[in-house]
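# A closer look at the structure
Read off the chains here:
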Amino acid sequence: MTENTTSDDAADVSTADTCTNDSRMNDDTEPSSDVLADPEPLADREDIDVHDNAPIDGASTDRVPVDTDTRSSTGTDDTLAIDAPDNSLRDESITIRITGAAPNEPVEFDTSMEDPRGVEWQSSAIFTADANGVVDLGTRAPESGSYEGTEPMGWLWSMTATEDASVTGLRNAERSTVELTATTTEQRAERTITRRLSAPGVDRRPVESDRLVGTLFEPTGAGPHPGVIALHGSGGDPAEDVAGLLASRGYAALALRYFGDAEPIPDELARVPLSYFETATTWLQSQEIVSDERIGVFGMSRGGELALLLGSRLDRIGAVVSYVGSGVAYNTPHGPSAWAEDGDPVSHVSATDTHERPEDVGTTPLLTRALETADGATIREATIPVEETDGPILLVSGGNDPVWPSRDLSQIAVERLRARDFAYEFDHLTYDDAGHYITPPYLPKTDPIFGGTPAAMARADEDAWPTALEYLSKGLESNEKGIDD
């Protein structure tokens, strides 16, 4: 187990302490390149027309010639232009270059995109061109603007909404059209790029079952592919962003809903039967394209808590990723247990969704006092037996999480794994200045309700995501023999 802590002041991850507890794997285990390797950048794919604006569902994989010169807005060497890939996956860092400015000339760079609810998100920064009249956002810091420092994707994660809106509205957008504008004293250049949730050829289809609610994202190739269940949090929006990105890397990923307004799931997060998730694993593995070996679970927030619960209870689970989750089961804000097993509530710590003391507002995460005041017996019974998991476990948390103390709650799981000599690899990546909204990159990170600083959140996203892919690959590597190259 490597427990890593990062702060906003350092881009590199420093190791807090190291402890290896792995009888079935070792640090030399290399994940399969079929699943872990980043997909080829969409702008460089020869099988996709970068000018095609058709929906990606059922996208053709017929090879289409691409004129790579069209990646830049038109212009000669002395005409202002923006060079950027037409298409890219949402978790892909891209290079944007502005050319044709005068040497050392100020250049304003503005971006905007609209979320599915019609809300516009914007960022702006002013750069100084180099001696060749070039601004490379990957190597050059802005003089002023929405973000500071050299941040290749700062233009995106520093976006703010033009009206009151949550960034969660952007998570499941299948495609986002981004307008880029560069302006100097005498010139203006415009460029439109597209960010996609999943790669060309990934198919999505609703679950056709009267016992489940969700969407299956199917990767290209005949398979069988390793399966992963993506679990949402208490907001209830399905984790289609996680599922789509995982499908782009060779996983058959099920974005499963477990409460909401559809049958047969509960209307709210209360007494959700764990048997529902056993049904989901059985259904997923029954699909022709899915390997019948073990599957992974990837959960966020309450879904992260749930992922740890399922890993400890279901034999089919072979890898667990818990983002800002909890090693202790909680109730729901209005009282009932969130989870039920065989009709009985799962043992839990009780808390409310309001601060118990006025002095805690703005200084202490919700649910902290409930953990501090619960008696030892209650905490012991509510602590998830994560050591029962038959595969590697990754926990990711923020040190400035106002929703619940995800660092402490994740560390409870780590201490339990360490104390019981867990047989598999485990890891806790925790980030000092990150809040609750740690997700796959790249999204705007400026919503203050989730805590943390935008820069720290963006760095947590960038750092944790490759490790999450690695852990899934390690836990499910025996499933990968059917993945096409």
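Residues numbered from 1 in each chain as written. Predicted model: local features only at pLDDT ≥ 70, side-chain atom pairs only at ≥ 80, totals over all residues. Heavy atoms only, no water.

## What about the overall build of the protein?
- On a plain count of helices and strands, the protein comes out with 9 helices and 23 strands.
- The buried share among the 485 residues of the protein stands at 55%.
- Put simply, of all contacts in the protein between residues at least 6 apart along the chain, 67% involve residues at least 24 apart.
- When the accessible surface of the protein is totalled, it reaches about 19,700 Å², and 44% of it is carbon and sulfur. (Helix = DSSP H or I, 4+ residues; strand = E, 2+ residues; numbered from the N terminus. Buried < 20%, exposed > 50% of the residue type's maximum accessible area, 1.4 Å probe, protein only. Contact = heavy atoms within 4.5 Å. Areas by Shrake-Rupley, 256 points an atom, 1.4 Å probe, with all protein chains shown as cover.)

## A word on the packing of aromatic side chains
- Taken as a whole and assessed by the stated rule, the structure comprises 11 aromatic pairs.
- With centroids separated by 5.0 Å and ring planes inclined at 45°, the aromatic side chains of Phe298 and Tyr323 adopt a geometry described as tilted. One end of the pair, Phe298, is in strand 18 (residues 295-300); the other, Tyr323, is in strand 19 (residues 317-323), with 25 residues separating them in the sequence. This pair shows no difference in class: Phe298 is buried, exactly as Tyr323 is.
- Put simply, the rings of Tyr258, Phe259, Tyr276, Phe277 and Trp339 touch in pairs and so form one group of aromatic residues.
- In this arrangement the basic side chain of Lys474 is found over the ring face of Tyr471, its NZ or CZ atom lying 5.6 Å from the centre. (Phe/Tyr/Trp six-rings, centres within 6.5 Å; stacked < 30°, edge-to-face > 60°. Lys NZ or Arg CZ within 6 Å of the ring centre and 35° of its normal.)

## As for the sheet that holds strand 20 (residues 339-341)
- The sheet built from 3 strands is open, its strands ordered 17-20-21 with mixed pairing. Looking along the sheet, the strands with just one partner apiece sit at the ends: strand 17 (272-273) and strand 21 (344-345).
- Sheet analysis places strand 17 next to strand 20, joined by 2 bridges and oriented parallel. By the bridge assignment for strand 20, Pro273 is matched with Ala340. (Pairing = 2+ DSSP bridges.)

## Regarding the confidence of the model for the protein
- On average, residues of the protein carry a pLDDT of 84, and 79% of them reach 70 or more.
- Predicted confidence is poor over residues 7-40, with pLDDT under 50, and the contacts of this stretch with residues over four places away or in other chains come to 78 contacts.
- In this model residues 42-71 is a low-confidence stretch, pLDDT under 50, and it forms 58 contacts with partners more than four residues away in sequence or in other chains. (pLDDT = per-residue confidence, 0-100.)

## Topic: the pairing of strand 22 (residues 393-398)
- With respect to burial, strand 22 is a largely interior element, 6 of its 6 residues being buried.
- The alternating pattern of strand 22 places Ile393, Leu395 and Ser397 on one face and Leu394, Val396 and Gly398 on the opposite face, and all of these are buried.
- Looking at chain direction, strand 22 and strand 23 (residues 426-431) are connected through 6 bridges and run parallel. The residue bridging Ile393 from the neighbouring strand is Phe426, located in strand 23.
- Traced from strand 22 through helix 8 (residues 406-419) to strand 23, the parallel crossover comes out right-handed. (Right-handed = clockwise from strand over helix to strand, strands pointing away.)

## Thoughts on the pairing of strand 11 (residues 175-183)
- Of the pairings in the sheet, the one linking strand 6 (residues 106-114) to strand 11 comprises 6 bridges and is antiparallel in character. By the bridge assignment for strand 11, Phe109 is matched with Ala182.
- Bridging between strand 11 and strand 12 (residues 188-196) involves 9 bridges; their strand directions are antiparallel. Across the sheet, residue Thr177 finds its bridge partner in strand 12, namely Thr194.
- Counted between consecutive antiparallel strands, the loop separating strand 11 from strand 12 contains 4 residues.

## Examining the nonpolar core
- Counting residues in each nonpolar core, the largest one holds 72 residues, and the members touching the most others are Trp155, Phe298 and Tyr323.
- Broken down by element, this core gets its largest block of residues, 10 residues, from helix 9 (residues 454-475).
- If we skip the residues at most four places from it in the chain, Phe298 touches Val228, Ile229, Ala230, Leu231, Val242, Val321, Tyr323, Trp465, Ala468 and Leu472.
- Leu212, Tyr276, Leu309 and Ala329 belong to the second-largest nonpolar core, a separate cluster that totals 46 residues. (Core = buried A, V, L, I, M, F, W, Y, C linked by side-chain atoms within 4.5 Å.)

## Things to note about helix 9
- Spanning 22 residues, helix 9 covers 32 Å between terminal C-alpha atoms, matching the ideal 32 Å at 1.5 Å per step.
- The sharpest bend along helix 9 reaches about 25° and sits at Ala464, with the proline Pro466 one to four residues further on.
- Of all 22 residues in helix 9, 16 are buried; the element is thus mostly enclosed. (Expected span 1.5 Å × (residues − 1). Bend = angle between axes of the 7 residues up to and from the residue.)

## What about the sheet that holds strand 3 (residues 81-83)?
- Strand order across the open sheet formed by 3 strands is 3-5-8, with antiparallel pairing between neighbours. Edge positions in the sheet fall to strand 3 and strand 8 (135-136), since each of these pairs with one other strand and no more.
- Two elements, strand 5 (residues 97-99) and strand 8, share 2 bridges in a ladder whose sense is antiparallel. Pairing of Arg97 across the sheet is with Asp136, part of strand 8.

## With respect to helix 5 (residues 302-313)
- Taking 1.5 Å as the rise per residue, helix 5 with 12 residues should run 16 Å; its terminal C-alpha atoms sit 17 Å apart, in good agreement.
- The element helix 5 is largely enclosed, with a buried count of 11 among its 12 residues.
- Check the buried side of helix 5 and you find it contacts strand 15 (227-231), helix 4 (275-286), strand 18, strand 19, strand 20 and strand 22.

## Let's talk about unusual backbone geometry
- Residues Gly223 and Pro224 are joined by a peptide bond in cis, for which omega reads 5°.
- Within the element layout of this structure, Pro224 appears in the loop between strand 14 (213-218) and strand 15.
- That bond from Pro441 to Tyr442 is cis: its omega, -5°, falls within 30 degrees of zero.
- Of note, Tyr442 is situated in the loop between strand 23 and helix 9.

## Brief notes about the pattern of salt bridges
- Within the structure shown, the criterion is met by 21 salt bridges.
- In this structure, Arg205 and Glu218 form a salt bridge, with 2.5 Å as the shortest nitrogen-oxygen distance. Here Arg205, found in strand 13 (residues 203-206), pairs with Glu218, found in strand 14; they are 13 residues apart in sequence, far enough to count as distant.
- What makes Arg205 partly exposed here is its relative accessible area of 24%.
- By sharing partners, the salt bridges in this structure join Arg90, Arg171 and Asp241 into a single network. (Salt bridge = Lys/Arg side-chain N within 4 Å of Asp/Glu carboxyl O.)

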